[in-house]
Amino acid sequence: VQLQASGGGLVQAGGSLRLSCAASGRTFSSYAMGWFRQAPGKEREFVAAVTRTGGYTNYADSVKGRFTISRDNAKNTVYLQMNSLKPEDTAVYYCAAAGTIVVLTRRPDYWGQGTQVTVSS
């Protein structure tokens, strides 16, 4: 599966952004989907994940209550709604896919290219 992320940009602290990740192929619904991020000088970290049907989601503690992951299997797209953004959310955000949500959170099978999110204070 090929993944194409979009929606990044520059936003002030407290603002919102919505990231999108479009997947190619007809098997999108076969994959758990998620988002990771990598800030300058730091390792890539898990942000959020959603199961194949969208029935279960998982979040990093640092984004719980502020970020919402969702998916539209008819559009082969996964979203990350980011609210109450903080300067520490600044990073390159990557979408990812794997067969199960457990595998996704540990070692995704597929990665999209990143999209830059910058939150100014």
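Just above, that's the structure.
Definitions and limits used
- Residues numbered from 1 in each chain as written.
- Predicted model: local features only at pLDDT ≥ 70, side-chain atom pairs only at ≥ 80, totals over all residues.
- Heavy atoms only, no water.
- Phe/Tyr/Trp six-rings, centres within 6.5 Å; stacked < 30°, edge-to-face > 60°.
- Helix = DSSP H or I, 4+ residues; strand = E, 2+ residues; numbered from the N terminus.
- Buried < 20%, exposed > 50% of the residue type's maximum accessible area, 1.4 Å probe, protein only.
- Lys NZ or Arg CZ within 6 Å of the ring centre and 35° of its normal.
- Pairing = 2+ DSSP bridges.
- Axes fitted to C-alpha atoms, helices over the stretch in contact; angles between N-to-C directions.

Trainee: Help me out: how do you make sense of the packing of aromatic side chains in this one?
Mentor: Counted under the stated rule, the structure contains four aromatic pairs. Where Tyr-31 meets Tyr-110, the ring centres are 5.6 Å apart and the plane angle is 90 degrees; that geometry is what we call edge-to-face. Within this pair, whereas Tyr-31 is found in the loop between strand S3 (17–23) and strand S4 (32–38), its partner Tyr-110 is found in strand S10 (residues 110–111), the two being separated by 79 residues in sequence. Taking the relative accessible area as the measure of exposure, Tyr-31 reaches 16% and is therefore buried. An angle of 90 degrees between the planes, with centres 6.4 Å apart, marks the rings of Tyr-94 and Trp-111 as edge-to-face. Placement of Tyr-94 in strand S9 (residues 91–98) and of Trp-111 in strand S10 is noted, with a sequence separation of 17 residues between them. Classification of Trp-111 as partly exposed rests on a relative accessible area of 36%. Ring pairs connect the aromatic residues Phe-36, Phe-46, Tyr-94 and Trp-111, which therefore count as one cluster. The cationic tip of Arg-44 hangs over the ring face of Tyr-94; the distance from NZ or CZ to the ring centre is 3.9 Å. The ring of Phe-28 has Arg-71 sitting right over it, with the charged end atom 4.5 Å from the ring centre.

Trainee: What should I look at first to understand the pairing of S4 in this one?
Mentor: On any regular strand, side chains alternate: one points to one face of the sheet, the next to the other face. Here S4 lies mainly inside the structure; six of its seven residues are buried. Relative to S9, S4 is paired through seven bridges, and the arrangement is antiparallel. Directly across from Trp-35, in S9, lies its bridge partner Cys-95. Note that S4 and strand S5 (residues 45–50) share five bridges and pair antiparallel. Opposite Trp-35, over in S5, you have Ala-48 as the bridge partner.

Trainee: Help me out: how do you make sense of the sheet that holds strand S1 (residues 3–6) in this one?
Mentor: A sheet is described by the order of its strands in space; here four strands give the open sequence S1-S3-S8-S7, paired in antiparallel fashion. The sheet terminates laterally at S1 and strand S7 (67–72), the two strands that pair on one side only. Strand-to-strand twist of the sheet, defined as the mean angle between neighbouring strand axes without regard to direction, takes the value 15 degrees. Sheet topology places S3 next to strand S8 (residues 77–82); six bridges connect them, and they run antiparallel. Looking at the pairing, Leu-17 lines up with Met-82 of S8.

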